[in-house]
Amino acid sequence: MQDLLKLIQERHSTRLPFDPDRPIREEELRQILEAARWAPTAHNMQNFEIIVVDDKKILEELGALKGAISETFIQENYQQLSFSEEELLRKKVGVLATMFPPSWRTPGVKPVMEEGRSRPFPVCPTLLIVLYDPSKRAPASEGDFLGIISLGCMMQNLWLESNSLGIDFQIISAIAGGPVGIEVKRILAVPENLKIAFTARLGYAAAAPPHTLRVRRDIEDFSHHNHFGNKGIG
Ligand SMILES: Cc1cc2nc3c(=O)[nH]c(=O)nc-3n(C[C@H](O)[C@H](O)[C@H](O)COP(=O)(O)O)c2cc1C
């Protein structure tokens with residue numbers, strides 16, 4: 001159990017280019033998909049399909065796609081930024097502004113797409129494209145809320161299993177809708193009725209990762225004992 005907690009605590013996002021010549025082996029992929037297979041889903045609907053992309057030509061085609069960044073993303077992203085490690089440590093939620101180009105973290109400045117940033121799929125040996133059918137919702141689940149939570153459970157299983165095998169992992173969610181999503185669906189021959197839930201890059205970082213501060217709220221910050229507002233558990 002201690003090992004599981006350690007794995008959960010050490011699971012992380014790797015936002016670096018991955019070594020294209022260090023593939024994920026088929027046994028490892030099977031193990032990662034086996035973890036997805038056993039994820040809990042509402043009504044055990046197993047409401048997902050996963051396309052594993054490791055063909056170099058298709059990866060190149062996806063890698064060449066260019067995306068624009070929406071004003072809404074920039075505005076809402078800004079609200080989650082901390083401008084120093086001290087600020088992030090104090091807030092305990094959100095992300096460091098230095099993760100983003102200067103124009104994305106300066107209110108009033110028109111966001112500029114940097115060449116690397118405009119390509120949603122940085123180099124990697126394997127991409128997972130996770131699909132779901134929004135018309136097949138969990139029973140009486142408004143907006144398929146329960147189905148979407150189920151996809152989150154499955155995402156976590158993929159991520160934990162990958163990290164446990166020493167494989168770096170990054171979720172790329174921004175392309176799910178919009179023109180890039182449409183292009184991805186065309187390239188991968190995804191049926192019209194299926195939507196992209198999220199995509200994930202798998203691989204091995206091509207360079208040593210820089211120091212990254214990871215913060216979380218304390219248990220007392222989000223837990224309530226018996227009544228809301230009675231912070232902590234004893
Ligand atoms: C639903 C969801 C969507 C996410 N989308 C992205 C994304 O598009 N790009 C990215 O780099 N990270 C994405 N992340 C990763 C989060 O930013 C990350 O988990 C969070 O900042 C905590 O950092 P950690 O994963 O290193 O613990 C996403 C995570 C989740 C759960």
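About the thresholds
Residues numbered from 1 in each chain as written. Predicted model: local features only at pLDDT ≥ 70, side-chain atom pairs only at ≥ 80, totals over all residues. Heavy atoms only, no water. Salt bridge = Lys/Arg side-chain N within 4 Å of Asp/Glu carboxyl O. Helix = DSSP H or I, 4+ residues; strand = E, 2+ residues; numbered from the N terminus. Buried < 20%, exposed > 50% of the residue type's maximum accessible area, 1.4 Å probe, protein only. Arc of directions from axis to C-beta. Contact = heavy atoms within 4.5 Å. Polar contact = N/O pair within 3.5 Å; in protein donor to acceptor, adjacent residues only side chain to side chain.

Quick notes on the pattern of salt bridges
- Inspection of the entire model under this criterion finds 11 salt bridges.
- The closest approach of N and O atoms between Arg 37 and Glu 34, which form a salt bridge, is 2.8 Å. Of this pair, Arg 37 and Glu 34 both sit in helix α2 (residues 26-37), three residues apart, which is roughly one turn of that helix.
- The partly exposed category is assigned to Glu 34, whose relative accessible area is 36%.

As for unusual backbone geometry
- If you check the backbone angles, His 43 has positive phi at about 55° while not being a glycine.
- Considering the arrangement of structural elements, one finds His 43 in the loop between α2 and β1 (49-53).
- The phi dihedral of Ala 189 falls on the positive side, at around 55°, and the residue is not glycine.
- Among the secondary structure elements, Ala 189 is positioned in the loop between α7 (178-187) and β6 (195-203).
- Of the residues examined, Ala 189 reaches a relative accessible area of 63% and is grouped as exposed.

Observations regarding α7
- Along α7, the residues classified as buried are Val 180, Gly 181, Val 184, Lys 185 and Ile 187. All buried residues of α7 project into a common sector of 165° when viewed along the axis, lining one side. Exposed side of α7, more than 90 degrees from the buried face: Pro 179, Ile 182 and Arg 186 are the residues found there.
- Buried residues belonging to α7 abut α3 (56-63), β4 (126-132) and β6.
- Positioned one or two residues after α7, Ala 189 has a phi angle of 55°, which is positive.

Considering the environment of Asp 133
- Tracing the backbone shows Asp 133 in the loop between β4 and α6 (145-164).
- Given the relative accessible area of 11%, Asp 133 is considered buried.
- Put simply, Asp 133 and Ala 39 are 94 residues apart on the chain and 17 Å apart in space, counted from C-alpha to C-alpha.
- When residues no more than four places from it in sequence are discounted, the contact partners of Asp 133 are Asn 193 and Leu 194.
- Only 3.3 Å separates the side chain of Asp 133 from the side chain of Asn 193, close enough to count as a polar contact.

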